[in-house]
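# Residue-level structure breakdown
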Amino acid sequence: MNKILIRQNAIIDYIAITFGAAIMAIGIGIFLVDAKVVPGGVSGLSMAFYYLTGGVVPIGLMIWVFNVPLYIWGVKELGKQFGIRTFFGFTLNSFFIDFFRGDIPGLSFIRLQDTATMVNLRQTDFLFLVLIGAALLGIGLGIVFKFRGSTAGTDIVAAIMQKKFGMKPGTAIMIIDFFVICTAGLIIEFKDLAGERSAMTLTLYALFLLFVSSRLIDAIIDGFDYARTAYIISNKHQEIAEAIMDELSRGATAIKGRGLYQNIEREIIVAVVTLKELGKLISLVKNIDPKAFVTVHNVHEVLGEGFRSRI
């Protein structure tokens, strides 16, 4: 039974990684490449070479070529943790980029980047175009990471730098991405590819893209806040606890505590509620005891009756 569950979970993981790689590929290949807004990492480096060489080699293929030696280096330095899922992730991402851009032989009719919608966005609503690209990139990567996949690239470099030099992965990725984005900006300026916008403007857009996509990756992995924990300190703790259970139909827990200022022992009420219920909870507490001391904390996940679990 355990082997069956493990196999089923693995299948779900690979399906999710495929879906995430496709979303990420749309963000990069359809929204960002022709906009000349470069993400960090190997994708950004590949885009920079794509611009430098006049598009001789398709971007997806170039990403795959850059990732292979990094992947081999990662397996050598870090072991099998960068195994089949990493290879699967960056290979699919590379394939989907060229697939959606019509750069695979026989599929040149696809070319989603040339649709009327994309052309109109690049011409009339550039910021919205970048925001959508950043969102798709962040969501796609977040899904890949959520299901224990990877797209190689700077993830491997950052892990190796952490092992060899003790550098935090986040710091390493930020330094690499900043270098890649600035390099791409110089290439765009050198090749005079900026068009109506300056190379500096496109570089600033790229840095903005980096921020938005990284926040979305964190949100996908950690989850958007959907619940709150309230700690309620009041002399009317019993009355408040009963009101929470009766009026909100939520459970409450009493924790014994002692106020150090007045040296008084009392029970602290702890309750977990949804965002929609928070206002009602605060109102309920204040109606019972206007002097109650209440602190509210973000909750990323709740496992238990009355709350949905995350994916």
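See the structure shown above.
Notes on the structure follow.

The rules behind these values
Residues numbered from 1 in each chain as written. Predicted model: local features only at pLDDT ≥ 70, side-chain atom pairs only at ≥ 80, totals over all residues. Heavy atoms only, no water. Salt bridge = Lys/Arg side-chain N within 4 Å of Asp/Glu carboxyl O. Helix = DSSP H or I, 4+ residues; strand = E, 2+ residues; numbered from the N terminus. Buried < 20%, exposed > 50% of the residue type's maximum accessible area, 1.4 Å probe, protein only. Axes fitted to C-alpha atoms, helices over the stretch in contact; angles between N-to-C directions. Parallel < 35°, antiparallel > 145°, perpendicular 65-115°, else oblique. Contact = heavy atoms within 4.5 Å. Nonpolar A, V, L, I, M, F, W, Y, C, P; charged D, E, K, R; others polar. Phe/Tyr/Trp six-rings, centres within 6.5 Å; stacked < 30°, edge-to-face > 60°. Lys NZ or Arg CZ within 6 Å of the ring centre and 35° of its normal.

It is worth spelling out the pattern of salt bridges at this point. One pass over the full model with this rule turns up six salt bridges. Residues D13 and R85 are paired through a salt bridge, measuring 3.0 Å at the closest nitrogen-oxygen approach. One end of the pair, D13, is in helix 1 (residues 2–32); the other, R85, is in helix 4 (residues 84–101), with 72 residues separating them in the sequence. Considered together, D13 and R85 belong to a single accessibility category, that of buried residues.

Here we take up unusual backbone geometry. Positive phi, normally seen in glycine, also occurs at R111, with a value near 35 degrees. By relative accessible area, which is 32% here, R111 ends up partly exposed. For S249, which is not a glycine, the phi torsion comes out positive at approximately 55 degrees. Overall, the relative accessible area of 61% leaves S249 in the exposed class.

As a further point, take the packing of helix 5 (residues 116–124) against helix 6 (residues 126–146). Two elements in contact, helix 5 and helix 6, have axes separated by 6 Å at closest approach and are oriented at 120 degrees. Here helix 6 runs oblique to helix 5, going by the angle between their axes. Counted together, M118, L121, R122 and T124 of helix 5 and F126, F128 and L129 of helix 6 form the full contact between these two elements. Among the residues making up the contact of helix 5 with helix 6, the classes are represented as five nonpolar, one polar and one charged.

Moving on to the packing of aromatic side chains. Evaluation of the coordinates by the stated rule reveals 12 aromatic pairs. Geometrically, the ring pair formed by Y14 and F88 is edge-to-face, given 5.0 Å between the ring centres and 90 degrees between the ring planes. One end of the pair, Y14, is in helix 1; the other, F88, is in helix 4, and 74 residues separate them in sequence. Taking the relative accessible area as the measure of exposure, Y14 reaches 23% and is therefore partly exposed. F88 gets classed as partly exposed once you look at its relative accessible area, which sits at 26%. Ring geometry for F126 versus Y205: centroids 5.0 Å apart, planes at 75 degrees, classification edge-to-face. Separated by 79 residues along the polypeptide, F126 in helix 6 and Y205 in helix 9 (residues 199–222) bring together distant segments of the chain. Judged by relative accessible area, F126 falls into the buried class, the value being 6%. Put simply, the rings of W64, Y71, F87 and F90 touch in pairs and so form one group of aromatic residues. When the ring centre of Y14 is taken as origin, the NZ or CZ atom of R85, which lies over that ring, is 5.2 Å away.

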